[in-house]
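# A look at the structure
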Amino acid sequence: MVQQEQSTIQPKSNKVIIRLHDIIRIYRMGSESIHALDGVDLDVYENEYVAIMGQSGSGKSTLMNLIGCLDRATSGYYELDGKDTTKMGNGALAHARNEKIGFVFQSFELLPRANAIRNVELPLVYSRQAVWARGQMARKALERVGLGERMHHRPNQLSGGEKQRVAVARALINNPSILLADEPTGNLDSKTSKEILALFDRLHQEGQTIIMVTHESDVACHANRIVRMLDGKIVSDLPTEQDPAYEFRHGGQRL
Ligand SMILES: Nc1ncnc2c1ncn2[C@@H]1O[C@H](COP(=O)(O)OP(=O)(O)O)[C@@H](O)[C@H]1O
Ligand SMILES: [Mg+2]
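A brief look at the structure comes next.

### Focus on the packing of helix 5 (residues 160-172) against helix 6 (residues 190-205)
Each pair of packed helices can be described by the angle between their axes along with the distance between the axes. At their nearest, the axes of helix 5 and helix 6 sit 9 Å apart, and the two run at 20° to each other. One finds that helix 5 runs roughly parallel with respect to helix 6. Both helix 5 and helix 6 take part in a crossing whose hand is right-handed. In this structure, helix 5 uses Gly160, Gly161, Gln164, Arg165, Val168 and Leu172 to contact helix 6, whose residues at the interface are Thr192, Glu195, Ile196, Leu199, Phe200 and Leu203. Its residues placed into classes, the contact of helix 5 with helix 6 shows six nonpolar, four polar and two charged.

This is the structure we're talking about:
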């Protein structure tokens, strides 16, 4: 990516959290090969809030799964928080995922029979934390997302927005470097979507790096930067408003 001349305005953080270079992901289905990602270059800095847009099948979820270390590229370079993931074995990759990535999905993906605390604690199963400490961390995470009063409710006793809050608390429990959200408002009505977006805005203001896939422009506008995909390629990458930090890091024009 083209680096501009040194600007007088310095961005808050100059740390690259994600660096993707010439990422290719081919799915093989019998004799057919699907190029889901076809040469993706992307740098994401600490505390950026990036929206990924593009029509269905353009490769957004494949990209999120790669960034989230749920999948590996067929070829290309992926550095996560300064570490080359392509050199990691499966154990190290799973460890990086658990430590650095928080996932939020459209369909919440909560355990139906577990209450909010148990759901939020789940990523701590592999940590060396004592059981009481895990409960304490889960309670704090639920308070952070405004669900202090619903900790003992099971998913079927919660509204859609509340379920998604539980999922956000679960994603944040390990203090991840990046929050990844694949269409987090896709199953929510517009009022509830606004609540979840306000929560993301607050997390971003608190320093969280966020990458969110969405179909809707009014959702994407909450981000500082919109990356558009088509046929496995990034076709545009622009800031949502005049942003000297964006220009300093990525060049380009504003929307
Ligand atoms: N597990 C898979 N096996 C085979 N093809 C897949 C798989 N996942 C996605 N694809 C294909 O890869 C392309 C990109 O899919 P995806 O990343 O899910 O797109 P999006 O999230 O933008 O809708 C599509 O053509 C899709 O059919
Ligand atoms: Mg998708």
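### So, the side chain of Lys100
Mapped onto the elements of the fold, Lys100 is located in helix 2 (residues 90-100). For Lys100, a relative accessible area of 14% puts it in the buried group.

### Details of the pattern of salt bridges
Pairing between side chains of opposite charge can happen when their charged atoms approach one another. Applying the stated criterion across every chain, the model contains 15 salt bridges. For Arg118, the salt bridge goes to Glu121, with nearest N and O atoms at 3.0 Å. Here Arg118 and its partner Glu121 are both found in helix 3 (residues 116-121), three residues apart, which amounts to about one turn of the helix. Residue class for Arg118 comes out partly exposed when judged on its relative accessible area of 46%.

### Brief notes about the sheet that holds strand 7 (residues 178-182)
The strand order across the open sheet built from six strands is 6-7-8-3-9-10, with neighbouring strands paired in mixed fashion. With partners counted over all chains shown, the strands left at the sheet margins are strand 6 (101-105) and strand 10 (233-239), one partner each. The average angle at which neighbouring strand axes cross in this sheet is 15°, direction not considered. Here four bridges tie strand 3 (residues 49-53) to strand 8 (residues 209-213), and the two strands are oriented parallel to one another.

### What to know about the side chain of Ser177
Locating Ser177 in the fold gives a position in the loop between helix 5 and strand 7. Using a relative accessible area of 18% as the deciding quantity, one classes Ser177 as buried.

### Structural notes on the packing of aromatic side chains
For any two aromatic rings, the description comes down to two numbers: the centre-to-centre distance and the angle of the planes. Going through the model one piece at a time under the given rule, you end up with one aromatic pair. With 5.1 Å between their ring centres and 5° between their planes, Phe103 and Phe105 make a pair best called stacked. Residue classification places Phe103 among the buried positions, given a relative accessible area of 13%. Owing to a relative accessible area of 25%, Phe105 belongs among the partly exposed residues under this scheme.

### Focus on the pairing of strand 6
Taken across its five residues, strand 6 has four buried, putting it largely inside the fold. As judged from the five bridges shared by strand 6 and strand 7, these two strands associate in the parallel manner. Paired with Gly102 across the bridge in strand 7 is Leu179.

### Describing the pairing of strand 8
When you tally the buried positions in strand 8, you get five out of five residues, the bulk of the element. Strand direction decides the pairing type here: strand 7 and strand 8, joined by five bridges, are parallel. Each residue of the ladder has a partner; that of Asp182, found in strand 8, is Val213.

### With respect to the site of ligand 1
Taken together, Tyr27, Met29, Ile34, Ala36, Gln55, Ser56, Gly57, Ser58, Gly59, Lys60, Ser61 and Thr62 make up all the residues around ligand 1. Within the backbone of Gly57, a nitrogen or oxygen atom sits 2.7 Å from an oxygen atom of ligand 1. At a separation of 3.1 Å, an oxygen atom of ligand 1 approaches a polar backbone atom of Gly59. For ligand 1, the accessible surface in isolation is 560 Å², of which the surrounding protein chains cover 63%. Mapped onto the shell around ligand 1, the elements with two or more residues apiece are strand 1 (16-29), strand 2 (32-45) and helix 1 (60-67). Ranked by the residues each element gives to the shell around ligand 1, the list is headed by helix 1, at three residues. Residues belonging to the shell around ligand 1 are distributed by class as follows: four nonpolar, seven polar and one charged.

Conventions adopted
- Residues numbered from 1 in each chain as written.
- Chains lettered and ligands numbered in written order.
- Predicted model: local features only at pLDDT ≥ 70, side-chain atom pairs only at ≥ 80, totals over all residues.
- Heavy atoms only, no water.
- Axes fitted to C-alpha atoms, helices over the stretch in contact; angles between N-to-C directions.
- Helix = DSSP H or I, 4+ residues; strand = E, 2+ residues; numbered from the N terminus.
- Parallel < 35°, antiparallel > 145°, perpendicular 65-115°, else oblique.
- Left-handed = near helix turned anticlockwise from the far one by under 90°.
- Contact = heavy atoms within 4.5 Å.
- Nonpolar A, V, L, I, M, F, W, Y, C, P; charged D, E, K, R; others polar.
- Buried < 20%, exposed > 50% of the residue type's maximum accessible area, 1.4 Å probe, protein only.
- Salt bridge = Lys/Arg side-chain N within 4 Å of Asp/Glu carboxyl O.
- Pairing = 2+ DSSP bridges.
- Phe/Tyr/Trp six-rings, centres within 6.5 Å; stacked < 30°, edge-to-face > 60°.
- Near = heavy atom within 4 Å.
- Polar contact = N/O pair within 3.5 Å; in protein donor to acceptor, adjacent residues only side chain to side chain.
- Areas by Shrake-Rupley, 256 points an atom, 1.4 Å probe, with all protein chains shown as cover.

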